[in-house]
Amino acid sequence: MKNVTVSVRSLVEFLLRSGDIDNRKDVSGDPDAMQEGLRIHKKIQKSMPAGYRAEVTLKETRDYGDIALTIEGRADGIWEKEEEGQRIVIIDEIKSMYANLDYLNDPKPVHLAQARVYAAIYGPETNLEKIGVQLTYCDIDTEEIKRFRFSYRIDELRQWIGDLAEKYMIWVRMAAEHERARDESIMSLQFPYEYRTGQKELAIDVYRAIKLERNLFINAPTGVGKTLSVLYPSLKAVGEGLASRIFYLTAKTVTAGVATSALALLEQHGLNIRAVHITAKEKACANGDFICNPDACPYAEGHFDRVNDAVFDIITHESIITREVIFDYAEKHKVCPYEFSLDVSNWCDAIIGDYNYAFDPRVRLKRFFEGQSQDDFIFLVDEAHNLASRAGEMYSATIIKEDVLECARMVKGMSKTLTSALTVTNKKMLELKRECDDSYVLYNDVADLAKAMTRLQTELSKLMEKQKFFDTRDDVLEFFFKVKKFNDIYAEMFRGYKIYGKIQSDGSFCVKLLCVNPSDSIQSCLAAARSAVFFSATLLPMPYYKELITGDQDDYAIYAETSFTQDQRLLAAARDVSSRYTRRNAEEYSKIAEYIRRVVSVRKGNYIAFFPSYEFMEHVREFVETYADDGNVECMDVLVQNQKMSEKEREEFLAEFGRERDRSLLGLCVMGGIFSEGIDLTDEKLIGAMIIGTGLPMINTESEIARKYFDEDGKDGFAYAYRFPGMNKVMQAAGRVIRKETDRGVILLLDERFNYSDYRSLFPREWSDCRTVNLSSVGSVVESFWNN
């Protein structure tokens, strides 16, 4: 018999929710509100007379043949007393909030339903015909209490909960039937292709790590077929009951598309699976304005009245649910596509989405990762070299003094207690600013500021709950979320943090909680996973990524073999040119441009030159365009990446590499930017890349803080803060050239430092054939490669 458990709250919220999406009505997550809510609950419970029992666990199990459904929860209170000589039993449900209770004329339907379920479960134990239900609402601010009391026949409640359970069982049976069909399909599923070199061994290693409940790091060079190599064994593990869901986590939408394509391919070979791609809220908005209330968005109005029908429709008719499919069904049922996709995920075996849906504490999918006892998920983390830096951003928080003053201006006269909290916060920031010199200052702690910020969040929360409409509400709400993030991060800071203050270039003063090493924070998220597989074509050096992602050097690690051969490409490093700051002059820019010209002139085709910065690129561009327009046979078309390109402009830029043309095309791009990773220009679309510089980040406050942090931790601080991240950008840019077995091309590393042991030691093993060239020899070396 299959056992299914659902909480009382989840049951009623799923089946009985109704109404609109309205972000004006709920500003949640206030730490003080939650603590105060718990305090108010206990205070109310203690104030009740004899016969009142607090926090009573209730549950019942219903037998549906092959499925047992357990409904369980905890009632805030059960009150048994005598009234007019009769025994009375009342189920008490307590709700605390920042709200003026004068405007609360009726209990919220979901709250009442929750209490009625408790009454239905407990009713038979009373041996009474009727049972009471009480909704106790309390304004946290004033501690004013308002109660609503109802009386129900127990036999009617039993019928009602039975009907609820039957409605829920429709979904449970559907899920169980799908699970059986899924597992049967996985049992017979074969790998869709003949294995490439090393691919079968890689798949076996992934399965082994999942079975042993271990994390696995994979450096998988382009050509391994890593997406299928990790998905296939993960699906096998799900089919065998080792895991319940796969989370395929990506840094970019394009890699999410690769995952959905891989699942679609496996589906063609017999896989029966349900998967959904969850996109960012701004990309999933059908209205375009990102204003989530019924007055501004027709999809928000009545969303909860229609969403369950929409979910049932899509999951009974679709399997690989892409963004486009979500939009089609959202339009059909007039529901919010983003919220709809989240509800669809409840019924899916594989969830594809950005890192933040698993790792960002403010965005992660709480329905899976909070308040759940499950720890049998599989995390497949694609392009995992991006996770450390992305996690560092997720777990860092900044507050700017001038934003505090601006908020004070916006809410002037609206709340004396909020104005006081803003004044105190500004004062604390001013004290910290006085310690700051012209660069930055590190603080051991900012406890006084954190205390002021916690009070500020509480007062902002009160205002937002009680003032639903005022002109600057959206701006105040945005500031509220900044304050909330700061408080959340401060409350959960693990090791790996530094706190600094800095006067910024515009004169404003900020305090930042900087996450230098996010491994502890990431590890806390991995508690929900049976196994996490981190894979990338550039996950080198492996100890560096282990340190920043899990902090465990004993995690499994493998270096997959590529099916590509060294004779597919020429790899060479120049010994007579550099991008060092001390060498940045017209002579060096001219020499780099001449290197580019000599490579491009050998063979007509498409090339990209990757630069360390936009400024550096512009200096070299002047010389490149001189060559491009000189009328010689080796002249070329030049395409330049702009700093703020729209999605359409990016697509147009890449489309140029697929056009037929009479002469060569040279793209000028920035290393580490949107065109240096995650793009596939196969065949003749790209036949060469010139990489200028070692990719080192510019010297800046946070890199310097990281350098000193890792030095103090006994590591090579310069390598951790500069060299390792820089070389990753170099390897990613170089990886654009050879994308499949029939590709050929040139990779030219334009910096003498690539010949030094500190950098050569970081080369991937397939770069063992890297040649050294100079300006006079590069042309003949490139020509010899193409002739062969």
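Here, the structure is the one placed above.
These notes cover the structure that comes with them.

Reading the values: rules and limits
- Residues numbered from 1 in each chain as written.
- Predicted model: local features only at pLDDT ≥ 70, side-chain atom pairs only at ≥ 80, totals over all residues.
- Heavy atoms only, no water.
- Helix = DSSP H or I, 4+ residues; strand = E, 2+ residues; numbered from the N terminus.
- Buried < 20%, exposed > 50% of the residue type's maximum accessible area, 1.4 Å probe, protein only.
- Contact = heavy atoms within 4.5 Å.
- Areas by Shrake-Rupley, 256 points an atom, 1.4 Å probe, with all protein chains shown as cover.
- Lys, Arg positive; Asp, Glu negative; His and termini not counted.
- Charge placed at Lys NZ, Arg CZ, Asp CG, Glu CD.
- Axes fitted to C-alpha atoms, helices over the stretch in contact; angles between N-to-C directions.
- Parallel < 35°, antiparallel > 145°, perpendicular 65-115°, else oblique.
- Left-handed = near helix turned anticlockwise from the far one by under 90°.
- Nonpolar A, V, L, I, M, F, W, Y, C, P; charged D, E, K, R; others polar.
- Pairing = 2+ DSSP bridges.
- Expected span 1.5 Å × (residues − 1).
- Core = buried A, V, L, I, M, F, W, Y, C linked by side-chain atoms within 4.5 Å.
- Polar contact = N/O pair within 3.5 Å; in protein donor to acceptor, adjacent residues only side chain to side chain.

In this section: the overall build of the chain. Helix and strand content of the chain: 26 helices and 25 strands. The principal-axis extents of the C-alpha atoms in the chain amount to approximately 110 × 70 × 50 Å. Residues classed as buried in the chain amount to 56% of the 788 residues present. Of all intrachain contacts in the chain linking residues separated by at least 6 positions in sequence, the fraction that spans at least 24 positions is 78%. Total accessible area on the chain stands at roughly 34,500 Å², and carbon and sulfur atoms take up 47% of it. If you average the places of the 103 positive and of the 125 negative side-chain charges in the chain, the two averages end up 2 Å apart.

So, on to the packing of helix α16 (residues 447-466) against helix α17 (residues 473-491). Contact geometry for α16 and α17: axes closest at 9 Å, N-to-C directions at 140°. Of the possible angle classes, the one that applies to α16 and α17 is oblique. The handedness of the crossing between α16 and α17 comes out as left-handed. Seen from α16, the contacting residues are A447, L449, A450, M453, T454, L456, Q457, L460, S461, L463 and M464; seen from α17, they are R473, V476, L477, F479, F480, V483, K484, F486, N487 and Y490. In terms of residue class, the contact of α16 with α17 is made up of 15 nonpolar, four polar and two charged.

Bringing the sheet that holds strand β16 (residues 509-515) into the picture now. Pairing within the open sheet is antiparallel, and its four strands lie in the order β13-β16-β15-β14. Both edges of this open sheet fall to β13 (397-400) and β14 (440-443), since each of them pairs with a single strand only. Within the sheet, the average angular offset between the axes of one strand and its neighbour, ignoring direction, is 20°. Where β13 lies against β16, four bridges are found, and the strand directions are antiparallel.

On to helix α20 (residues 586-602). With 17 residues, α20 should cover 24 Å at 1.5 Å per step; its first-to-last C-alpha distance of 25 Å lies within 8% of that length. Here α20 has its buried residues at E588, Y589, I592, A593, E594, Y595, I596, R597, V599 and V600.

Quick look at the sheet that holds strand β25 (residues 771-773) now. Taken in spatial order, the seven strands make up an open sheet running β21-β22-β20-β23-β24-β19-β25, and their pairing is parallel. The sheet terminates laterally at β21 (636-640) and β25, the two strands that pair on one side only. Across this sheet, the average inter-strand angle for adjacent strands is 20°, counted without regard to direction. Both strand β19 (residues 569-574) and β25 contribute to a ladder of three bridges, which runs parallel. Counted as the bridge partner of A573 is T772 from β25. Where α20 meets the sheet, it contacts β19, β20 (606-611), β21, β22 (664-670), β23 (688-692), β24 (745-750) and β25, and its direction lies at approximately 170° from that of β24. Strands β20, β23 and β24 of the sheet are contacted by helix α24 (residues 717-734), whose axis makes an angle of about 165° with β23.

Counting 191 residues, the largest nonpolar core has I71, F340, V344, F359, F379, V511 and L749 as the members making the most contacts within it. It is helix α4 (residues 154-188) that provides the largest number of residues to this core, a total of 12 residues. Setting aside residues no more than four positions away along its own chain, L749 makes contact with L571, A572, A573, A574, I691, V730, F754, F763, W767 and C770. L189, A243, I273 and V533 belong to the second-largest nonpolar core, a separate cluster that totals 40 residues.

Take the side chain of S563 next. For S563, the location among the structural elements is in the loop between β18 (556-559) and β19. Within the structure, the side chain of S563 is placed 2.9 Å from the backbone oxygen of G223, a separation counted as a polar contact. Looking at S563, its side chain comes within polar contact range of the side chain of E741, at 3.4 Å. Residue contacts for S563: discarding those within four places in its chain leaves R196, G223 and E741.

With that out of the way, let us pick up the environment of L101. Along the polypeptide, L101 turns up in the loop between β4 (86-97) and α3 (109-126). The buried category is assigned to L101, whose relative accessible area is 1%. Sequence spacing of L101 and Y614 is 513 residues, and the spatial spacing of their C-alpha atoms is 57 Å. Setting aside chain neighbours within four positions, we find L101 in contact with Y137, C138, D139, E144, I145 and K146.

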